[in-house]
Amino acid sequence: MIILSINAGSSSLKFTGFDMPSEKVLISGVFERIGIDGSFYTIKLNGEKIKKEVELKSHEDAVRILTEELVNYNIVKDLSEIKGVGHRVVHGGDKYADSIVIDKNVTDTIRELFHLAPLHNPANLMGIEAFQEYIPEATAVAVFDTGFPQSMPEENYLYAVPYEWYEKYGVRRYAFHGISHQYITEYMQKFLGKENVNLITCHLGNGSTIYSIKDGKCFDTSWSFSTNSGLVMGTSSGDNDTIVVPYVMKESGMSMEEVLNTLNKKSGLLGVSGVSSDSRDIEDGIKEGNERCILAQKLFVNRIVGYIAKLWCPLKKVDAICFAGGIGENSIMTRKQIIEGLSSLGVELDEEANNVRGEFKLITKEGSKIPCYIVPTDEEVMIARDTYKLID
Ligand code: ADP
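Residues numbered from 1 in each chain as written. Predicted model: local features only at pLDDT ≥ 70, side-chain atom pairs only at ≥ 80, totals over all residues. Heavy atoms only, no water.

S.K.: Mind laying out the overall build of the protein chain, listing which residues take part and the relevant values?
M.R.: Counting its regular elements, the protein chain contains 14 helices and 14 strands. A compact globule built from 392 residues would reach a C-alpha radius of gyration of about 21 Å, and the protein chain, at 21 Å, matches this within 12%. With the C-alpha coordinates aligned to their principal axes, the bounding extent of the protein chain is approximately 60 × 55 × 45 Å. Counting all 392 residues of the protein chain, 52% fall into the buried class. Partitioning the contacts of the protein chain with sequence separation of at least 6, the portion at a separation of at least 24 is 60%. Roughly 18,400 Å² of accessible area belongs to the protein chain as shown, and the carbon and sulfur atoms make up 50% of that amount. Of the charged side chains in the protein chain, 41 are positive and 55 negative; the average position of the first set lies 3 Å away from that of the second. (Helix = DSSP H or I, 4+ residues; strand = E, 2+ residues; numbered from the N terminus. Rg over C-alpha atoms; globule rule 2.2 N^0.38 Å. Buried < 20%, exposed > 50% of the residue type's maximum accessible area, 1.4 Å probe, protein only. Contact = heavy atoms within 4.5 Å. Areas by Shrake-Rupley, 256 points an atom, 1.4 Å probe, with all protein chains shown as cover. Lys, Arg positive; Asp, Glu negative; His and termini not counted. Charge placed at Lys NZ, Arg CZ, Asp CG, Glu CD.)

As structure tokens, then:
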């Protein structure tokens with residue numbers, strides 16, 4: 001059975017076609033610069049990468065071309081062979097703990113939550129609507145980034161603000177990247193041969209997040225209310241004192257929108273280094289002795305070490321700390337610095353083992369208080385699995 005796994009962003013649409021239940025990837029690719037000059041798409045199949053430049057005015061254009069290419073490249077003879085389309089949806093509020101077949105109630109909820117995820121939910125919905133038009137017979141499934149962390153207990157997701165703010169306005173901690181953390185958790189459950197795993201899972205990429213997993217379920221996370229919270233990100237500040245916003249508005253004369261935009265798009269690794277949001281550039285800067293790159297990396301690592309320590313304590317016994325995401329899977333330097341930061345808690349790096357990129361591996365010494373692993377994540381297959389489960 002063929003299932004498409006879709007991740008629609010504001011100007012991009014990523015897709016992977018799976019044969020299920022074998023989970024074999026048949027085709028994958030991405031449409032980029034949708035609605036912007038210079039749009040193009042790339043397709044990967046049979047080990048080859050094909051790039052085509054084409055005008056993409058909307059997500060609908062991208063989906064139309066994708067359906068044509070699926071036939072052109074013989075992935076399907078007829079679109080009716082695609083039985084399911086799974087959509088990554090960033091914000092499901094506290095309404096959806098599990099993936100769900102999309103109907104009007106679901107699309108209404110995604111729309112109602114636009115204000116909580118203004119960069120993501122509108123794009124996710126555009127993707128859903130475009131597929132409804134071109135492959136209406138396929139079962140459409142929403143897989144929520146906020147789903148897996150719904151198991152957090154109240155004391156971990158509530159703020160110490162008037163309780164009515166939670167009741168009336170939904171002011172509480174949400175958490176994103178849930179699809180990736182769920183994948184890592186299931187991978188480790190299989191690897192360790194038990195369901196009730198206790199883990200600390202670190203998804204470190206352009207956006208970064210840490211979860212603690214207790215008995216196989218999300219217990220706490222580094223996220224807070226919005227997607228700009230917790231760890232230092234590529235262009236986002238992560239945690240800040242609320243008062244920073246009105247203070248900078250007053251001092252600088254910037255509007256609230258300008259300050260928030262600066263915290264989202266001009267902060268993080270980029271804001272501190274003044275060089276780049278990309279950790280590879282930061283590493284190059286560090287090698288060249290650039291003081292601001294060294295400082296940006298210190299902030300990035302310190303915040304991670306602090307969150308790991310904070311999330312570790314309530315778990316008592318931790319089976320493993322896992323690293324995933326572009327940085328977690330590939331940055332030898334960052335993993336080394338994080339694990340060295342945890343040395344006072346008895347975590348011991350194996351330098352030689354850590355000298356790898358993008359493969360599942362134990363990277364701590366045998367006597368380490370907690371073993372650390374690189375666990376390459378796969379959000380696409382997670383979306384396809386949930387979609388497959390929901391098809392009658
Ligand atoms: P996103 O959050 O957008 O999904 P990714 O998980 O793809 O991001 O991660 C992007 C980050 O991973 C970038 O900062 C990039 O520099 C980093 N990265 C990718 N490859 C390497 C590498 N070989 N060494 C260090 N960092 C890397």
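S.K.: So, unusual backbone geometry: which residues are in play, and what are the values?
M.R.: Omega for the bond connecting Met20 with Pro21 falls within 30 degrees of zero, at 10°, which places this linkage in the cis form. Inspection of the secondary structure assignment puts Pro21 in the loop between strand S2 (13–19) and strand S3 (24–32). One non-glycine residue, Arg33, lies in positive phi territory at about 60°. By secondary structure assignment, the location of Arg33 is in the loop between S3 and strand S4 (40–45). Given a relative accessible area of 37%, Arg33 falls into the partly exposed group.

S.K.: So what's going on with the pattern of salt bridges? Residues and values would help.
M.R.: On inspection of all chains with the given rule, the structure shows 18 salt bridges. The residue Asp386 makes a salt bridge to Lys389 at a minimum N-O spacing of 3.4 Å. In this pair, Asp386 and Lys389 are both assigned in helix H14 (residues 379–390), three residues apart and thus about one turn of the helix distant. On the basis of relative accessibility, which here comes to 9%, the residue Asp386 falls in the buried class. Judged by relative accessible area, which is 61%, Lys389 ranks as exposed. (Salt bridge = Lys/Arg side-chain N within 4 Å of Asp/Glu carboxyl O.)

S.K.: A description of the sheet that holds S2 should follow, citing residues and the corresponding values.
M.R.: Read from one edge of the open sheet, eight strands run S5-S4-S3-S2-S1-S6-S8-S7, paired in mixed fashion. Pairing within the sheet leaves two strands with one partner each, and these edge strands are strand S5 (48–53) and strand S7 (100–101). As paired strands, S7 and strand S8 (residues 139–144) are joined by two bridges and run antiparallel to one another. Across the sheet, the residue bridging to Val101 is Val141, located in S8. Seen against the sheet, helix H1 (residues 59–72) touches strand S1 (2–8), S2, S3, S4, S5 and strand S6 (82–89) and runs at an angle of roughly 145° to S3. (Pairing = 2+ DSSP bridges. Axes fitted to C-alpha atoms, helices over the stretch in contact; angles between N-to-C directions.)

S.K.: Please provide a residue-by-residue account of the site of the ligand, values included.
M.R.: Within the structure, the ligand sits among 13 residues, and Asn206, Gly207, Asp278, Ser279 and Gly326 are positioned closest to it. Within the side chain of Ser279, an N or O atom sits 2.9 Å from a nitrogen atom of the ligand. One of the backbone N or O atoms of Ile327 is found 3.3 Å from an oxygen atom in the ligand. Only helix H10 (279–287) and helix H12 (325–330) provide two or more residues apiece to the shell around the ligand. The element contributing the most residues to the shell around the ligand is H12, with four residues. (Near = heavy atom within 4 Å. Polar contact = N/O pair within 3.5 Å; in protein donor to acceptor, adjacent residues only side chain to side chain.)

S.K.: Can you explain the packing of helix H6 (residues 178–192) against H14? Please cite residues and give values.
M.R.: The relative placement of two packed helices is expressed as an angle between their axes plus a distance between the axes. For the pair H6 and H14, interaxial distance at closest approach is 9 Å and the crossing angle is 85°. Relative to H14, H6 is oriented roughly perpendicular. Residues Ile179, Ser180, Gln182, Tyr183 and Glu186 of H6 touch H14, and the partners they reach there are Glu379, Val381, Met382, Ile383 and Arg385. For the contact of H6 with H14, the class distribution of residues is five nonpolar, two polar and three charged. (Parallel < 35°, antiparallel > 145°, perpendicular 65-115°, else oblique. Nonpolar A, V, L, I, M, F, W, Y, C, P; charged D, E, K, R; others polar.)

S.K.: Describe in detail helix H3 (residues 121–134), supporting the description with residues and values.
M.R.: In this model H3 runs 20 Å from its N-terminal to its C-terminal C-alpha over 14 residues, within 8% of the 20 Å that 1.5 Å per residue would give. The set of residues buried in H3 consists of Asn121, Ala123, Asn124, Leu125, Gly127, Ile128, Ala130 and Phe131. The elements touched by buried residues of H3 are S1, S2, H1, S6 and helix H2 (104–112). (Expected span 1.5 Å × (residues − 1).)

S.K.: Give me the sheet that holds strand S9 (residues 199–204): which residues, what numbers.
M.R.: Read from one edge to the other, the open sheet built from six strands follows the order S11-S10-S9-S12-S14-S13, with strand pairing classed as mixed. With partners counted over all chains shown, the strands left at the sheet margins are strand S11 (217–221) and strand S13 (361–362), one partner each. Where strand S10 (residues 208–214) lies against S11, four bridges are found, and the strand directions are antiparallel. Its bridge partner lying in S11, Lys214 is registered against Lys217.

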